Amino acid sequence: KFSPDFYTLLYGRVFGGIATSILFSGFESWYVNEHLHFYMFPVEWLNFTFARATFGSGLFAIVSGFIAHIFADTLDFGAISPFAVAVPFLMGTSVYIFFKWDEHYDPKANKSTLLSSSMFSSLKFLFSDPCLFTLGIVQSIYEGIMYTFIFAWTPVLEVLSPPLGLVFSCFMISLMIGSKVYLLHHDFKIFYSRVYVICDSVYIYFFNCYHNCPNFICSGQLPILIHQFVFCSIFIL
């Protein structure tokens, strides 16, 4: 930690949460506006663009994990060193975005609209559409689970003392695999939502089996597991 003061860490966490929310919303909103309203690209291209962006983000994250491992473990600069190394990259990309990215406003938008009225109209639109409201609830639950995992995975692995940078790179490899699987599903017209349900169900089932009986594969339970997996897959499809 850069500072041992509790309130400094608390404020840093608050601003970090705000920055994370902007990171996962501001750039996507900017690109969607550029894609649809300025360059007039087909809306069907958005899926491919975001999938490739996720793949590229995972690729850079893997490299970042290796760099973090080098500074934190190989060079023994401590766990705080990856954050210090990230600061120049953050400043450099901020300067580049400020000077190179243009902001195209809607010419029909009323610039004198108050922030409170804009937020109220957005909330009204959110609650007026059940599908959009449900999507927001699902996204909130997903983000909550993800942040819980982010806070929990390092203390859980602390007993094993693994190289956290390499573990993070493995997580990002899984992210890249997910983006490529999505593209394959989209290309072959597979109902990927059902496939995701199958993957999640199998993961939960394996986790419960291993949690209740770590040697379930060696104890003759594997044929039963395969039978249940095939049955559930056929039922969902």
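For clarity, every value in this text was computed on a predicted model and none was experimentally measured. (Residues numbered from 1 in each chain as written. Predicted model: local features only at pLDDT ≥ 70, side-chain atom pairs only at ≥ 80, totals over all residues. Heavy atoms only, no water.)

### Observations concerning a nonpolar patch on the surface
Nonpolar side chains collect at one region of the surface, where Phe6, Tyr7, Leu10, Tyr11, Val14, Phe15, Ile18 and Ile22 lie side by side and expose about 890 Å² of accessible area between them. Note on placement: isoleucine 22 falls in helix α1 (residues 6-23). (Patch = residues over 30% accessible without salt bridge, like charges linked within 9 Å, V, L, I, M, F, W, Y side chains within 5 Å. Areas by Shrake-Rupley, 256 points an atom, 1.4 Å probe, with all protein chains shown as cover. Salt bridge = Lys/Arg side-chain N within 4 Å of Asp/Glu carboxyl O. Helix = DSSP H or I, 4+ residues; strand = E, 2+ residues; numbered from the N terminus.)

### Concerning the UniProt feature "transmembrane region" (unreviewed entry) in the chain
UniProt tags residues 6-27, 48-71, 77-99, 120-142 and 162-184 as "transmembrane region" (unreviewed entry). Taken end to end, residues 6-27 is 91% helix and 0% strand, and its two terminal C-alpha atoms sit 31 Å from one another. End-to-end, the C-alpha atoms of residues 48-71 are 35 Å apart, and along that stretch the chain is 100% helix and 0% strand. (UniProt positions renumbered as here; feature names shortened; annotations may be inferred.)

### What to know about the packing of helix α3 (residues 45-74) against helix α4 (residues 81-100)
Helix-helix packing: each pair is described by the crossing angle between the helix axes and the interaxial distance. Close contact between α3 and α4 brings their axes to 8 Å; oriented N to C, the two are set at 130 degrees. When the axis of α3 is compared with that of α4, the two are oblique. Where α3 crosses over α4, the handedness of that crossing is right-handed. Residues Ala68, Phe71 and Ala72 of α3 lie in contact with α4, whose contacting residues are Ser81, Pro82 and Val85. (Axes fitted to C-alpha atoms, helices over the stretch in contact; angles between N-to-C directions. Parallel < 35°, antiparallel > 145°, perpendicular 65-115°, else oblique. Left-handed = near helix turned anticlockwise from the far one by under 90°. Contact = heavy atoms within 4.5 Å.)

### A word on the packing of aromatic side chains
Throughout the structure, instances matching the rule amount to 11 aromatic pairs. Measuring from centroid to centroid gives 5.1 Å for phenylalanine 98 and phenylalanine 99, while their planes differ by 90 degrees, and the two rings are edge-to-face. One exposure class covers both phenylalanine 98 and phenylalanine 99, and it is exposed. Cluster of aromatic residues (ring-pair linked, three or more members): Phe38, Tyr39, Phe41 and Trp45. (Phe/Tyr/Trp six-rings, centres within 6.5 Å; stacked < 30°, edge-to-face > 60°. Buried < 20%, exposed > 50% of the residue type's maximum accessible area, 1.4 Å probe, protein only.)

### Here we look at unusual backbone geometry
Positioned with a positive phi, methionine 40 is a non-glycine residue whose angle comes to about 60 degrees. Classification of methionine 40 by relative accessible area gives exposed; the value is 59%. At aspartate 76, a residue that is not glycine, the phi angle is positive and equals roughly 60 degrees. Topologically, aspartate 76 is positioned in the loop between α3 and α4. Since its relative accessible area comes to 62%, aspartate 76 is described here as exposed.

### As for the confidence of the model for the chain
Here the chain averages 76 in pLDDT, while 72% of its residues score no lower than 70. Within the chain, the element-level pLDDT minimum falls on helix α9 (residues 222-236), averaging 45, and the maximum on α4, averaging 90. Throughout residues 216-237 the model reports pLDDT below 50, and contacts reaching past four residues in sequence, or to other chains, amount to 20 contacts. (pLDDT = per-residue confidence, 0-100.)

### Some words on the side chain of histidine 69
The topology assignment puts histidine 69 in helix α3. With residues up to four places along the chain from it excluded, the contact list for histidine 69 reads Thr74, Pro163, Gly165 and Leu166.

### Thoughts on the environment of leucine 46
With respect to the helices, strands and loops of the structure, leucine 46 is situated in helix α3. Residue classification places leucine 46 among the buried residues on the basis of a relative accessible area of 12%. Here the alpha-carbon distance between leucine 46 and valine 32, two residues 14 residues apart in the chain, equals 7.7 Å. Each residue touching leucine 46, except ones within four places of it in the same chain, is listed here: Tyr31, Val32, His35 and Leu36.

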